[in-house]
Amino acid sequence: MSTGTYAPRPGAAPVGRMIAAQAALETRMLLRNGEQLLLTVIIPSLLLVLFSTVDIVDTGTGEAVDFLAPGVLALAVMSTAFTGQAIATGFERRYGVLKRLAASPLPRWALMSAKTLAVLVTEVLQVALLTVIALALGWSPHGNPLSVFVLLVLGTAAFSGLGLLMAGTLKAEATLAAANLVFLLLLVGGGVMVPLEKFGAAGDVLAFLPISALSDGLRDVLQHGAAMPWGDALILAVWAVLGLGAAARFFRWE
């Protein structure tokens, strides 16, 4: 008896196809989550509009939006790659989702790759939306787009590593509280809305935070038209290596 055209082919799909399918699922879940949309889209957009149109913070000479737009782009990266990913992954770990996925044909590194791709897709949407809003507010960006791309990728890697480290080592409730607390602290003290010079001597220390390096690097390029800010890029690269390395070493799947 011939099996004909529909001969069974048991086995896992190619890894690339599995990563693409999981990344699409992760992206849909992220975009359907109202809390995550508030954190990743609405809050950065509102901050950009509010601080650009109301004279609340002294951002120096020039248009306020020219100072604020790069910082809000950095905030959007942090909200997605760190805060949102840490909270979502922490609760997936608590409810046993990661444990079940780890038992599937999808390798663990492929699952992390899919999550990273979902973060990147979300960031593309964020950057596009915030850019349109900033341009409508009178933003005049300068600099090399390639430098901006490199900084955003390094920032994503740094925040992803820190987010996965938190989600893989703390309980879900602790991750929820800690991730939101860190988000608020870095929003205030990371050079996003307030220039680091306003913090006096503490600003020299705060400059080594990943959000500060990303904000300042993007501001150097987009506001001042500078070339690649290698100092800020190096800080982000160090955070990325430390964060991803620690996450790979200490992440607990159960």
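Preceding block: the structure.
Residues numbered from 1 in each chain as written. Predicted model: local features only at pLDDT ≥ 70, side-chain atom pairs only at ≥ 80, totals over all residues. Heavy atoms only, no water.

Novice: Any details on the pattern of salt bridges? Residues and values, ideally.
Specialist: Under the counting rule described, the total for this entry stands at four salt bridges. Here Glu-173 and Arg-94 are joined by a salt bridge, their closest N and O atoms 2.2 Å apart. Of this pair, Glu-173 sits in helix H7 (residues 172-189) while Arg-94 is found in helix H3 (residues 64-94), placing the two residues 79 residues apart along the sequence. Judged by relative accessible area, Glu-173 falls into the partly exposed class, the value being 41%. Here Arg-94 falls in the partly exposed class, since its relative accessible area comes to 48%. When salt bridges with common partners are traced through the structure, they connect Glu-26, Glu-92 and Lys-115 into a single cluster. (Salt bridge = Lys/Arg side-chain N within 4 Å of Asp/Glu carboxyl O. Helix = DSSP H or I, 4+ residues; strand = E, 2+ residues; numbered from the N terminus. Buried < 20%, exposed > 50% of the residue type's maximum accessible area, 1.4 Å probe, protein only.)

Novice: I'd like to hear about the side chain of Glu-26, residue by residue, with values.
Specialist: By the secondary structure assignment, Glu-26 is in helix H1 (residues 15-32). Judged by its relative accessible area of 9%, Glu-26 is buried. Looking at Glu-26, its side chain comes within polar contact range of the side chain of Lys-115, at 3.3 Å. If we ignore the near neighbours within four places in the chain, the residues touching Glu-26 are Glu-92, Leu-111, Lys-115 and Ala-118. (Polar contact = N/O pair within 3.5 Å; in protein donor to acceptor, adjacent residues only side chain to side chain. Contact = heavy atoms within 4.5 Å.)

Shape is all these values report; function is a separate question.
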